[in-house]
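# Commentary on secondary and tertiary structure
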Amino acid sequence: MDERKTGSSSAKSSYALPSFSSGPTMDALKRNKSTGSSLGRDRNKGALVVCFGELLIDFVPTQAGVSLADAVGFKKAPGGAPANVAVGVARLGGCAAFLGKVVGDDEFGHMLASILIENDVDIAGMRFDKEARTALAFITLRADGEREFMFYRNPSADMLLTEAELDKELIKKSAIFHYGSISLIDDPIKSAHMAAMQVAKKEGCILSYDPNLRLALWPSPEAAREGIMSIWNEADIIKISEEEIEFLTGGENPNDDNVVLTKLFHPKLQLLIVTEGPEGCRYYTKDFRGKVGGVKVKCVDTTGAGDAFVGGFLWSLALNTGLLKDEKKLREALKFANVCGAITVTARGAIPSLPTKEAVLRKLKEMEG
């Protein structure tokens, strides 16, 4: 990996929580986009993490345990897994950019762009579409905080990013290129996704993949399984849940190491992470494997928990890519990521609930006490 992609050993020690009630004007957004750098960008915060994919609005019910039809109100929150990860990295003090598409003259699109800037995420790679609307997701919260989704995106702006609109120079500057599978569902964004991955791979970036299965968005379960696995062997790092293991392996036991290693671990993979919610996570590399225990908290809303975990891990990785070969440091990074996920489930919404580095360190200190 060349010098420009090597993370520094230091990270920003403080980060102010953002305000979601106000933000830069659209002129400011356009200036930001044209200059190719985010407001307040600091190159000493670690190597750049570029997150590719969707950005949308989550509508989360103000009460748990009711259907969408019975919900009396919803809390509006920014979301979309890749955007969540970008904000997660940046709020911890890291260097992150979002690569994707939102709408041009849509109030929700303007709000989302403002929120990314407020969170110090570079939006040079963001594109605006004046024809389609920003994607919406209505989320049902069960009494235990788990979720069900209803999406409005036929098509939404995030689906319409083309290869010609890719900011390939931004990808080339990154050390880590992170993505999901929702952008593989249909063209033109599918072709853009594949092209972006090829640029990142050619430049020697670490390819990070979180399938983030959303069956409701795919034409069929078979299409979802085929689409997710179509790029599986390209990734250097994969984060997957127990439910996703069951889905991808046709119902096999997600807790069986042999299932994970024979069905999902490929020869070029540097790290496979299996998240287990409050129980923590398991990790698999060519040289070692193990489990890192979880964090017990009162769960309010699991939306964004996996993204917070990924953001926390990629933040650590951007500061020290060598941790992939050092089991002690890897375990420390995964413990940090577990705490990121745990803090996020204690409040509603994804981006608003993502933790600062200080909040994570306080929780870690509590756990040691």
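These numbers come from a predicted model, not from an experiment. (Residues numbered from 1 in each chain as written. Predicted model: local features only at pLDDT ≥ 70, side-chain atom pairs only at ≥ 80, totals over all residues. Heavy atoms only, no water.)

### Structural notes on the overall build of the protein
The cut-off we apply is this: Secondary structure elements are defined from DSSP: runs of H or I of at least 4 residues count as helices, runs of E of at least 2 residues count as strands, and each element is numbered from the N terminus. Only protein chains enter the accessibility calculation, which uses a 1.4 Å probe; a residue whose area is less than 20% of its type maximum is buried, one above 50% is exposed, and one in between is partly exposed. Two residues qualify as a contact provided that any one of their heavy atoms is within 4.5 Å of a heavy atom in the partner residue. Under the convention used here, a 1.4 Å probe and the Shrake-Rupley method define accessible areas, while residue burial counts only the protein chains that appear.
Tallying secondary structure elements over the protein gives 11 helices and 13 strands in all. Counting every position in the protein, which comprises 369 residues, the buried fraction comes to 57%. Considering only intrachain contacts with a sequence separation of at least 6, the fraction spanning at least 24 residues in the protein is 74%. As presented, the protein carries roughly 15000 Å² of accessible surface, and 50% of it is formed by carbon and sulfur atoms.

### Observations regarding the packing of aromatic side chains
We count it as follows: A pair of Phe, Tyr and Trp rings is counted when the ring centres sit within 6.5 Å of each other, with Trp represented by its six-membered ring. The angle between the planes then sorts it: under 30 degrees is stacked, over 60 is edge-to-face, the rest tilted.
Tallied over the full model, the rule gives 10 aromatic pairs. Between Trp315 and Phe336, the ring centres sit 4.9 Å apart and the planes meet at 20°, which makes this aromatic pair stacked. Here Phe336 lies in helix α10 (residues 327-344) and Trp315 lies in helix α9 (residues 305-319), a separation of 21 residues in the sequence. Since its relative accessible area comes to 8%, Trp315 is described here as buried.

### Observations regarding α10
Put simply, the rule is: Expected span of a helix, by definition, is 1.5 Å for each gap between consecutive residues, and there is one gap fewer than residues. In protein, a polar contact means a hydrogen-donor-capable atom and an acceptor-capable atom, both N or O and within 3.5 Å, with residues adjacent in sequence counting only if both atoms are side-chain atoms; elsewhere, any N or O pair within 3.5 Å suffices.
Taking 1.5 Å of rise per residue, 18 residues should cover 26 Å, and α10 covers 26 Å from first to last C-alpha, within 8% of that figure. Those residues of α10 lying buried are Leu330, Ala333, Leu334, Phe336, Ala337, Asn338, Val339, Cys340, Gly341, Ala342, Ile343 and Thr344. Here the buried face of α10 lies against β11 (271-275), β12 (280-284), β13 (289-293), α9 and α11 (357-368). Its side-chain oxygen at 3.1 Å from the backbone nitrogen of Lys328, Asp326 defines the N-terminal cap of α10.

### Details of the layout of surface pockets
Definition in use: Cavities and pockets were defined on a 1 Å grid built from protein atoms only: a cavity is a group of points that admits a 1.4 Å probe but offers it no way out, a pocket is an open group of points flanked by protein on both sides within 12 Å along at least five of seven lines, and a lining residue is one with an atom within 4 Å of any such point. Grid points are joined across faces, edges and corners, and a volume is the space filled by probe spheres set on the points.
One number sums up the size of the second largest pocket: a volume of about 250 Å³. If you go around the second largest pocket, the residues you meet are Trp315, Ser316, Asn320, Leu323, Lys329, Glu332, Ala333, Lys335, Phe336 and Leu364. Elements supplying a minimum of two residues to the lining of the second largest pocket: α9 and α10. In terms of residues, the lining of the second largest pocket owes the most to one element, α10, which gives five residues.

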